[in-house]
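Summary of the model geometry
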Amino acid sequence: MSQYEHTCMIRGDGGRTLRAILDRICNKWTLLIVATLDQGTVRFTDLQHQIPGISQRMLTLTLRHLERDGLVSRTVHAEVPPRVEYALTAMGKSLIAPALALAGWAMEHLPEIEASRGAYEAKGR
């Protein structure tokens, strides 16, 4: 880690591994799903209702990726119709604090960002 410790080249693979992980956890749907699951175990349909704008396909894909990466657990109950529930794993729960810190940063700097966007647009770009 020595010479690359402050870059995305940490693993020596050109940053591919780190970028793949960051792409997954910094995705807007991932953060919204993780924040929603922070409340506890949630059924698929309830997740879909609690996350405005997410399609069934995007929710399914994102949950599969999160389960594959070990952030979310999936429990299927043998009922008719089947009941599927999702919950954060311990690793998924450890993402809450950094996600809240990032959201806090965005809220703190929102006025500056909006002002900067306005100035940029005023330049005609």
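Residues numbered from 1 in each chain as written. Predicted model: local features only at pLDDT ≥ 70, side-chain atom pairs only at ≥ 80, totals over all residues. Heavy atoms only, no water.

**Observations regarding the pairing of strand S3 (residues 83-88)**
Note the threshold: Only protein chains enter the calculation, and the probe is 1.4 Å; a residue is then buried if its accessible area is under 20% of its type maximum, exposed if over 50%, and partly exposed in between. Helix and strand assignments come from DSSP, with helices taken as H or I runs of at least 4 residues and strands as E runs of at least 2, each series counted from the N terminus. By the convention used here, strands pair only if DSSP detects at least 2 bridges between them.
Along S3, six of the six residues are buried, which leaves the element largely enclosed by surrounding structure. Because side chains alternate across S3, one face comprises the buried residues Arg83, Glu85 and Ala87, and the other comprises Val84, Tyr86 and Leu88, equally buried. Note: strand S1 (residues 42-43) against S3, two bridges, orientation antiparallel. In the strand pairing of S3, Val42 is matched with Tyr86. With six bridges connecting them, strand S2 (residues 72-77) and S3 associate as antiparallel partners. If you follow Arg74 over to S3, its bridge partner there is Tyr86. The hairpin formed by S2 and S3 contains five residues between the paired strands.

**Looking at the side chain of Thr36**
Here is the rule: Should any heavy atoms of two residues lie within 4.5 Å, those residues are counted as being in contact.
Relative to the helices and strands, Thr36 resides in helix H2 (residues 28-37). By relative accessible area, which is 7% here, Thr36 ends up buried. For Thr36, the residues in contact, after removing those within four places along its chain, are Val42, Leu47, Gln50 and Ile51.

**Remarks on the packing of aromatic side chains**
To keep things clear, this is the line we draw: Any two of the Phe, Tyr and Trp rings considered here, Trp counted by its six-membered ring, make a pair once their centres fall within 6.5 Å; the pair's planes then place it as stacked at under 30 degrees, edge-to-face at over 60, or tilted in between.
Applying the stated criterion across every chain, the model contains one aromatic pair. Geometrically, the ring pair formed by Phe44 and Tyr86 is tilted, given 6.5 Å between the ring centres and 55 degrees between the ring planes. On the criterion of sequence distance, the pair formed by Phe44 in helix H3 (residues 44-50) and Tyr86 in strand S3 is long-range, its members being 42 residues apart. Just as Phe44 is buried, Tyr86 falls in that class too.

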